[in-house]
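The chain contents come next:
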Amino acid sequence: MGRVQELSLKPSALDTTPLFSEAAFAAQWHQRLEEGIRLGGFRALALGASGGLDSAVCAALSMPAAHCAGVPVLAVQMIDRRVAGEKYNPDMYERLGAELISVDITAEVQRREQALRLPPHWWTVFGLNILARLAPMPLRWTVVCRAKQWNSNDWIGRHYQRLLVPHRVRKDILQRIARGRQAAVIVCANRTELELGYFVEGGIDDATFGQWAPLAQLYKFQVRRLGAFLRLPVSVLQQAPSPGFGGVRDEHLLGPYPLVDLALIGFHKGLSESALLGVMRDYVRAVDKRRARHWRSFIRPAYVRYLRCLWQLNAGKQPEEKPQVL
């Protein structure tokens, strides 16, 4: 693996990251899942197969334990046909040996949207793409941070609620399939998402539902390293993470995941804003020039305050300072 690829799987060469052994982690979860299947009397493992890295890693991580226990892994792919620009990679789950179950959720999502009298799908998606692609970054950060606090009855809150509906439908469908097949549920959310609140409460990535959430212990960079260890396709390892809203990528809303992970680790270590920005600068200097040019635009105090705002809101703390439009 080249220097650039190695750095893309690890946030920093500095001593700011937790020790992590991919082999030890995989072995631990192999044993834990196999024992859990047998003790719980489960006849399958089920997970939501989004087509992204996290669900692919969970599927690959689950296969050895399921094979030893003599049960299938159910990769349940739930697609809203109105959403464009997403990669679902169905062949990958089949190559891993999982049983792929495809479910069209379009009608159910529309029914719930109409019952809640939410804005039209196209309107919300159009506005989100304008915000994510064209709005200045400080404005984007302000809107995202404050969306976590807005009243669900105001117009921004109504659009935000509309984005949450498909994720809650997916959870309900996955639970229904799991009950029918007597399957244990694997939740695919990672630690980075959970610490920032970048998931839907009561949705398919809510780690409070299901039997196991193995990636809840891992930051995104560790998930990528684990995916490489599990020999997932390079195309999946390099695929831009997406919240499933249609053309919008995680980086549009959160920024580059290596910088996000560095920030979260820095918050836990109690690093000051200036020290954390210094760590980010050191990391950006080590990556290739193309990414460095893009990532330098995030090395600013407002970005660190934005991530801290999300982190504190998710932890139930009052943000020290809300990001302001610059």
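Residues numbered from 1 in each chain as written. Predicted model: local features only at pLDDT ≥ 70, side-chain atom pairs only at ≥ 80, totals over all residues. Heavy atoms only, no water.

Trainee: I'm lost on the state of the cysteines in this one. Help?
Mentor: By definition, a disulfide is the covalent link that joins the sulfur atoms of two cysteine residues. Counted by the stated rule, this structure contains one disulfide. Two residues share a disulfide in this structure: Cys145 and Cys309, whose sulfurs sit 1.9 Å from each other. Judged by the sign of its S-S torsion, about -55°, the cystine formed by Cys145 and Cys309 is left-handed. Taken as a pair, Cys145 in helix H7 (residues 137-147) and Cys309 in helix H16 (residues 301-314) lie far apart in primary sequence, 164 residues in all. Cys145 gets classed as buried once you look at its relative accessible area, which sits at 0%. (Disulfide = S-S within 2.5 Å. Helix = DSSP H or I, 4+ residues; strand = E, 2+ residues; numbered from the N terminus. Buried < 20%, exposed > 50% of the residue type's maximum accessible area, 1.4 Å probe, protein only.)

Trainee: Looking at this model, I keep getting lost on the pattern of salt bridges. Mind explaining?
Mentor: A side chain with one charge may pair with a side chain of the opposite charge, provided their charged atoms come close. In total, this model carries 16 salt bridges according to the counting rule given. Its salt-bridge partner being Glu22, residue Arg225 comes within 3.3 Å of it at the nearest N-O pair. One end of the pair, Arg225, is in helix H10 (residues 220-229); the other, Glu22, is in helix H2 (residues 22-40), with 203 residues separating them in the sequence. The exposure class assigned to Arg225 is buried, which follows from its relative accessible area of 16%. The closest approach of N and O atoms between Arg38 and Glu34, which form a salt bridge, is 3.2 Å. Taken together, the positions of Arg38 and Glu34, both in helix H2 and four residues apart, correspond to about one turn of that helix. Overlapping salt bridges, with partners in common, bring together Asp80, Arg82, Glu113 and Arg162 in one network. (Salt bridge = Lys/Arg side-chain N within 4 Å of Asp/Glu carboxyl O.)

Trainee: I'm lost on the packing of helix H13 (residues 257-269) against H16 in this one. Help?
Mentor: How two helices pack is summed up by the angle between their axes together with the distance between the axes. At a closest axis distance of 10 Å, the pairing of H13 and H16 adopts a crossing angle of 65°. Between H13 and H16, the angle is such that the two are roughly perpendicular. The way H13 lies across H16 gives a crossing that is right-handed. Taking contact as the criterion, the partners of Leu259, Val260, Ala263, Leu264, Phe267 and His268 in H13 are, on H16, Tyr303, Val304, Leu307, Arg308 and Trp311. Classifying every residue of the contact of H13 with H16 by side-chain character gives nine nonpolar, one polar and one charged. (Axes fitted to C-alpha atoms, helices over the stretch in contact; angles between N-to-C directions. Parallel < 35°, antiparallel > 145°, perpendicular 65-115°, else oblique. Left-handed = near helix turned anticlockwise from the far one by under 90°. Contact = heavy atoms within 4.5 Å. Nonpolar A, V, L, I, M, F, W, Y, C, P; charged D, E, K, R; others polar.)

Trainee: In this structure, what is going on with the environment of Ile130? I would like to understand it.
Mentor: With respect to the helices, strands and loops of the structure, Ile130 is situated in helix H6 (residues 121-134). Separated by 10 residues in sequence, Ile130 and Arg140 place their C-alpha atoms 9.9 Å apart.

Trainee: When you look at the side chain of Glu86 in this model, what are you seeing that I'm missing?
Mentor: With respect to the helices and strands, Glu86 occurs in the loop between strand S2 (73-79) and helix H4 (90-96). Of the residues examined, Glu86 reaches a relative accessible area of 19% and is grouped as buried. A polar contact of 2.7 Å, which involves the side chain of Glu86, links it to the side chain of Ser242. Residues in contact with Glu86, not counting those within four places in the same chain, are Ser242, Gly244, Phe245, Gly246, Gly247 and Arg249. (Polar contact = N/O pair within 3.5 Å; in protein donor to acceptor, adjacent residues only side chain to side chain.)

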